[in-house]
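Fold and geometry: a report
Each chain, letter by letter, is given below.
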Amino acid sequence: MSHSLDISYLADGYAKGAFTPADIVAQVYDAIAARGERPVWISLVPRVEALAKAKEAPRGPLYGVPFAVKDNIDVQGLATTCACPQFAYVPERSATLVERLEAAGAILIGKTNMDQFATGLVGTRSPYGIPSCVFDERYVSGGSSSGSAVAVAAGLVSFSLGTDTAGSGRVPAAFNNIVGLKPTKGALSARGVVPACRTLDTVSIFALTTADAGKAFDVAAGFDAEDAYSRPEPASVRRFGGDLRVGVPRAPLEFCGDEVAAKMYADAIARARSLGAQIVEIDFEPFQLTAKLLYQGPWVAERLAAIADFARKEPDSIHEVVRGIILGAEKYSATDTFQGLYRLADLVRAAEGEWGKMDMLLLPTTPTIYTIEDVLADPVRLNSNLGLYTNFVNLMDLSALAVPAGFGPTGLPYGVTLLARAFEDRSLQSFADAMHRALGDISLGKTAQPLKATPAVAADGASNKGRISVAVVGAHLSGQPLNTQLTERGAKLLRTARTAPGYAFYALSGAKPAKPGLVFDGKSQGKIEVEIWEMDEAAFGSFVALIPAPLGIGTLTLDDGSVVKGFVCEAHAVKDATDITAHGGWRAYLASAHV
């Protein structure tokens, strides 16, 4: 029997003992062997190693969930190539996101193919082969996160990480009937990710459903002090209520002659209206003009800055099309950069008036899809066409969620994208999921598993009334022995964060299981890692009842200035405890002490 890889199915099966993570990992490797490694994968975790990890996986929120990462994301012991063999290096540490996902129980399968140095939206610019659309091998898979999307759509992993600068986390989702979440810039850590345009890049998430993308995002998101562009999530984020306003461009859009795509977009607007949304026409010009800045402005010079020494020393090792784009950036000056920044600020200000009219913006993910043959014959122009409705998003600091929009008469999938303002990533999810489900009898990716068999995303209310957030610091963290006290109560992991300075952190003597104590002394300068979990009031009450002295729940101040309920310790209990403040968190202490 071939098991579905949607996360809810796996969690239910593990809970009932119907199968184990090792069973699922074995199924994954069998499927990869049957399909062939190339051109989806650049490197795989050895099967025996993945099976061993499956047997020892922490019982966190992603327990036993197989995933993949794009090959510009570091994994300890596996080469990072960015689809350029001469650039390859073997990192000594995995990227922050990989660490967080594995700590939550997820099982890494391997690293996926990509447009070289994340430069392209087509998936054809790699020496490791050309991934194709899972529904028709004549057509492009989309890029640059080509292998990551195909791995999910083909049922080889539950979710995958890509990156997105110009649409690389959305275009491949549209071409393969899956979900692509492009988070707010800085919401996911980029430490351990080779940049394309460092000021614009985001790590993206591909999944079979919106719910699964959201689950991976909840685990991965959170401030990371090791990433200079990481940003803490605001303490309060706007939620969309019942009177949802969905914006669509007033002027006709460009579909590059693809009448089927134009009809699919019109159908998507009709579905949004049928779900109760108010359709609002907006002036799309500021967004269109911003899109042109990405490759017709100085931001292309960031691609050169990311690999300048390598590109100048070994230009012949770079794919011809990629080389032309990256080395062509040398023509831009510092003056050009500042003029581009001024122009962008003007366009963002112009768009503010349009955002005042809508909560979300609904767009085609791409205007059309091309064959591999056509793209190879005209690589730059056709690639540019695919970015018409994606290139502006990171420049304007928006969140985006690409979802399937059905199939055309030739059997090719189409997709649309919902966009909102920064840090409204989660607020997009319930309506995006409803749009997906309104398609009716549709399967996940190219698997035989029906979408209707998976749980829907809960409707998003105007507030979190009746829900309480609590910060945990030790044995209740994801993967730690008491984490089940949270998951059994339906608690949801919101993010990882750090306390403000002023908290001392101790390993308590004689505690079983091992536990830390957090004490505010007003003097310590360390910022202690915490996880923020959310649960309803009744669950919170029963959770607090389990907490033994000398621990309790107090009010913590986080490093972004927000306050949250969280674990604290009575001062008398740390007199014979070990001060571990310098480690910055319980996981770091356990790793150093080999506990």
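In what follows, the structure referred to is the one given above.
A separate point is the pairing of strand S18 (residues 563-569). Pairing between strand S12 (residues 467-472) and S18: 2 bridges, direction parallel. When the bridges of S18 are listed, Val470 appears paired with Lys565. Two strands pair when backbone bridges link them, and strand S17 (residues 551-557) and S18 are joined in this way by 7 bridges, in the antiparallel orientation. In the sheet register, Ile553 faces S18, and the bridge partner there is Phe567.

Our next topic: the sheet that holds strand S14 (residues 503-507). Hydrogen bonding along the main chain pairs the strands of a sheet, whether they run parallel or antiparallel. Sheet architecture is open: 3 strands sit in the order S15-S14-S19, paired in antiparallel fashion. Each end of this open sheet is capped by a strand with a single partner; those strands are strand S15 (516-520) and strand S19 (578-579). The pairing of S14 with S15 spans 5 bridges and is classified as antiparallel. Residue pairing in the sheet places Tyr506 in a bridge with Gly517 of S15.

For the coordinates displayed, the defined rule picks out 23 salt bridges. Across the pair Asp218 and Arg426 runs a salt bridge, and its minimum N-O distance is 2.9 Å. On the criterion of sequence distance, the pair formed by Asp218 in helix H7 (residues 210-220) and Arg426 in the loop between strand S11 (413-421) and helix H16 (429-437) is long-range, its members being 208 residues apart. A salt bridge links Arg587 to Glu529; the shortest N-O distance between them is 3.9 Å. One end of the pair, Arg587, is in helix H19 (residues 586-593); the other, Glu529, is in strand S16 (residues 529-536), and 58 residues separate them in sequence. With a relative accessible area of 23%, Arg587 lands in the partly exposed category.

We now examine helix H12 (residues 320-327). Within an α-helix, residues lying three or four positions from one another point in the same direction, as the helix has 3.6 residues per turn. Along H12, the residues classified as buried are Val321, Val322, Ile325 and Ile326. All buried residues of H12 fall inside an arc of 120 degrees around its axis, so they share one side. Along H12, the residues that are exposed and aim more than 90 degrees away from the buried face are Glu320 and Gly324. In this structure, the buried side of H12 is in contact with helix H9 (285-296), helix H10 (300-306), helix H11 (308-313) and helix H15 (379-386).

Looking now at the sheet that holds S12. Strands sit in the order S13-S16-S12-S18-S17 across an open sheet of 5 strands; the sheet is mixed. Strands with a single pairing partner mark the edges of an open sheet, and in this sheet they are strand S13 (492-498) and S17. The mean inter-strand angle of the sheet, taken between neighbouring strand axes irrespective of direction, is 35 degrees. Taken strand by strand, helix H18 (residues 537-544) contacts S12, S16, S17 and S18, and its axis lies near 125 degrees from that of S16.

Bringing the packing of aromatic side chains into the picture now. Enumeration according to the criterion identifies 19 aromatic pairs in this entry. When the centroid spacing of 5.3 Å and the interplanar angle of 70 degrees are considered together, the rings of Tyr14 and Tyr63 count as edge-to-face. Note that Tyr14 is positioned in helix H1 (residues 7-16) and Tyr63 in the loop between helix H3 (47-55) and strand S2 (66-70), a separation of 49 residues in sequence. For the pair shown, Tyr14 and Tyr63 are each scored as buried. Considering the side-chain rings of Phe284 and Tyr389, the 6.2 Å spacing of their centres and the 45 degrees angle between planes classify their relative orientation as tilted. With a gap of 105 residues between them, Phe284 in the loop between strand S8 (278-282) and H9 and Tyr389 in the loop between H15 and strand S10 (398-407) connect regions that are remote in the sequence. The class of Phe284 is buried, set by a relative accessible area of 5%.

This part takes up the side chain of Ser204. Position of Ser204 among the secondary structure elements: in strand S6 (residues 202-207). Taking relative accessible area as the criterion, Ser204 reaches 0% and is therefore assigned buried. One polar contact links the side chain of Ser204 to the main-chain amide nitrogen of Thr163, over a distance of 3.5 Å. The residues contacting Ser204, other than those within four sequence positions of it, are Ser160, Leu161, Gly162, Thr163, Asp164, Gly169, Leu181 and Pro183.

Moving on, we get to the packing of helix H2 (residues 21-35) against H3. Helices that pack against each other are described as a pair by the angle of their axes relative to one another and the distance between those axes. H3 packs onto H2 with a crossing angle of 155 degrees between their chain directions and a minimal axis gap of 8 Å. As judged from the angle between their axes, H2 and H3 are roughly antiparallel. Note on packing geometry: the crossing formed by H2 with H3 is right-handed. Between H2 and H3, the contacting residues are Pro21, Ala22, Val25, Ala26, Tyr29 and Asp30 on the first element and Arg47, Ala50, Leu51, Ala54 and Lys55 on the second. Residue composition of the contact of H2 with H3, grouped by class: 8 nonpolar, no polar and 3 charged.

One can find Ala507 in strand S14. Look past the residues within four positions of Ala507 in its chain and what remains in contact with it is Lys515, Pro516, Ala577, Thr578, Ile580, Trp586 and Tyr589.

It is worth spelling out a nonpolar patch on the surface at this point. The grouping of Phe338, Leu341 and Tyr342 at the surface amounts to a nonpolar patch, some 330 Å² of accessible area in total. In this structure, Leu341 sits in helix H13 (residues 334-355). Judged by its relative accessible area of 39%, Leu341 is partly exposed.

Before going further, it helps to spend a moment on H16. The buried fraction of H16 amounts to 7 of the 9 residues, a majority that puts the element mostly inside the structure. The complete set of buried residues in H16 reads Gln429, Ser430, Phe431, Ala432, Asp433, Met435 and His436.

This part is about unusual backbone geometry. A cis amide bond links Arg38 with the next residue in sequence, Pro39, at an omega value of 5 degrees. Position of Pro39 among the secondary structure elements: in the loop between H2 and strand S1 (41-44). Of note, the amide linkage connecting Gly143 to Ser144 takes the cis form, showing an omega dihedral of 0 degrees. Counting through the fold element by element, Ser144 comes out in the loop between strand S3 (107-112) and helix H5 (146-153). Even without being glycine, Ala118 reaches a positive phi, approximately 55 degrees. With respect to the helices and strands, Ala118 occurs in the loop between S3 and H5. The backbone of Cys256 shows a phi angle near 55 degrees, a positive value even though the residue is not glycine.

This part takes up the packing of H9 against H13. Packing of H9 against H13 leaves a shortest axis separation of 9 Å and a crossing angle of 155 degrees. The orientation of H9 relative to H13 falls into the category roughly antiparallel. Like other packed secondary-structure pairs, H9 and H13 cross with a definite hand, here left-handed. Residues Pro286, Phe287, Leu289, Thr290 and Leu293 of H9 form the contact with H13, whose own contacting residues are Gly340, Arg343, Leu344, Leu347, Ala350, Ala351, Glu354 and Trp355. A per-class count over the contact of H9 with H13 returns 9 nonpolar, 2 polar and 2 charged.

Cut-offs applied
Residues numbered from 1 in each chain as written. Predicted model: local features only at pLDDT ≥ 70, side-chain atom pairs only at ≥ 80, totals over all residues. Heavy atoms only, no water. Pairing = 2+ DSSP bridges. Helix = DSSP H or I, 4+ residues; strand = E, 2+ residues; numbered from the N terminus. Salt bridge = Lys/Arg side-chain N within 4 Å of Asp/Glu carboxyl O. Buried < 20%, exposed > 50% of the residue type's maximum accessible area, 1.4 Å probe, protein only. Arc of directions from axis to C-beta. Contact = heavy atoms within 4.5 Å. Axes fitted to C-alpha atoms, helices over the stretch in contact; angles between N-to-C directions. Phe/Tyr/Trp six-rings, centres within 6.5 Å; stacked < 30°, edge-to-face > 60°. Polar contact = N/O pair within 3.5 Å; in protein donor to acceptor, adjacent residues only side chain to side chain. Parallel < 35°, antiparallel > 145°, perpendicular 65-115°, else oblique. Left-handed = near helix turned anticlockwise from the far one by under 90°. Nonpolar A, V, L, I, M, F, W, Y, C, P; charged D, E, K, R; others polar. Patch = residues over 30% accessible without salt bridge, like charges linked within 9 Å, V, L, I, M, F, W, Y side chains within 5 Å. Areas by Shrake-Rupley, 256 points an atom, 1.4 Å probe, with all protein chains shown as cover.

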